[in-house]
Amino acid sequence: MERLWRGASALALWGAWAGGAMILLAAVVVTVEVISRKLLAFAFSGSDEIAAYLFAVGTSCALAHVLGTRGHVRIDVLYGQLGPRMRALFDLLAILGLAILVLAIVDRAGEIFLDNLSGGNRSNTPLRILLAWPQAPWFAGFVLFLAVTVLAFLRSLLAGIPWSDRAEVKELLHFDAPRSGLLRLDNANGKTRVIGED
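Residues numbered from 1 in each chain as written. Predicted model: local features only at pLDDT ≥ 70, side-chain atom pairs only at ≥ 80, totals over all residues. Heavy atoms only, no water.

Below, the discussion takes up the packing of helix α3 (residues 84-119) against helix α4 (residues 132-158). Running from amino to carboxyl end, α3 crosses α4 at an angle of 155°, the nearest separation of the two axes being 9 Å. Here α3 is positioned roughly antiparallel relative to α4, judged by the angle of their axes. When the axes of α3 and α4 are compared, the crossing they make is left-handed. A breakdown of the residues in the contact of α3 with α4 according to their chemical character gives 24 nonpolar, five polar and no charged. (Axes fitted to C-alpha atoms, helices over the stretch in contact; angles between N-to-C directions. Helix = DSSP H or I, 4+ residues; strand = E, 2+ residues; numbered from the N terminus. Parallel < 35°, antiparallel > 145°, perpendicular 65-115°, else oblique. Left-handed = near helix turned anticlockwise from the far one by under 90°. Nonpolar A, V, L, I, M, F, W, Y, C, P; charged D, E, K, R; others polar.)

Moving on to the packing of aromatic side chains. The final tally for this structure, using the stated rule, is two aromatic pairs. With a centroid separation of 5.9 Å and 20° between ring planes, the pair formed by Phe113 and Phe139 is classed as stacked. Of the two residues, Phe113 sits in helix α3 while Phe139 sits in helix α4, which places them 26 residues apart along the sequence. The class for Phe139 is partly exposed, based on a relative accessible area of 21%. (Phe/Tyr/Trp six-rings, centres within 6.5 Å; stacked < 30°, edge-to-face > 60°. Buried < 20%, exposed > 50% of the residue type's maximum accessible area, 1.4 Å probe, protein only.)

What follows deals with the packing of helix α1 (residues 2-39) against helix α2 (residues 47-68). A pair of packed helices is characterised by two quantities: the angle between their axes and the separation of those axes. Following both chains from N to C, one finds α1 and α2 inclined at 155°, their axes separated by 7 Å at the closest point. Overall, the two elements α1 and α2 adopt an arrangement that is roughly antiparallel. Every pair of crossing elements has a handedness; the one defined by α1 and α2 is left-handed.

To continue, consider α4. Along its 27 residues, α4 runs 38 Å from first to last C-alpha, staying within 8% of the 39 Å computed at 1.5 Å per residue. Where α4 is buried, its residues contact α1, α2 and α3. (Expected span 1.5 Å × (residues − 1). Contact = heavy atoms within 4.5 Å.)

Grouped together as the largest cluster of nonpolar side chains are 16 residues, with contacts concentrated most on Trp5, Ala64, Val102, Val106, Phe145 and Val148. For this core, the element with the highest residue contribution is α4, accounting for seven residues. In this view, Phe145 contacts Leu63, Ala64, Leu67, His72, Leu98 and Val102; residues no more than four positions away in its chain are not counted. Ala26, Ala51, Leu54 and Val57 belong to the second largest nonpolar core, which has six residues in total. (Core = buried A, V, L, I, M, F, W, Y, C linked by side-chain atoms within 4.5 Å.)

Next up, the structure:
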């Protein structure tokens, strides 16, 4: 399972880099179009359409990496007050809910992609782009997101969470305080760092 997780995480990282590059490229396309329209009095049509395709594909390709690095935003008002077993159960319920949502997105995105592919549909803009071209990587990004979501759920189940004794383990660290007495704890994405100043 860990080998699958590492492979999916590496693929998701590539997707995030590609997604970021596409979003950056979309910004460049729009910027060039705005500058050429304002300064050179020359407008080329389709920059907004191209930017929209790049943004959609870039976003769908980056979602799996965000899940793999626990970068999604969640509200933890009650979560922090619960014990380890209940937190683990809520984590499983949250990822199951996310998997159901992503499955619905993949189902609909796949239907749209296959309809446009089989029909040879084009955009109703001056560019007349075959819609299946930008929709193929857009759909693939959602499929990768679903695969990483299912792997994360299975990985949590196979780890024995929330039913094993491992869910009850609390880590207690002892360390000497720095001479200055200043200490800072940073907790981001489930990783805690202790920073002291001497």
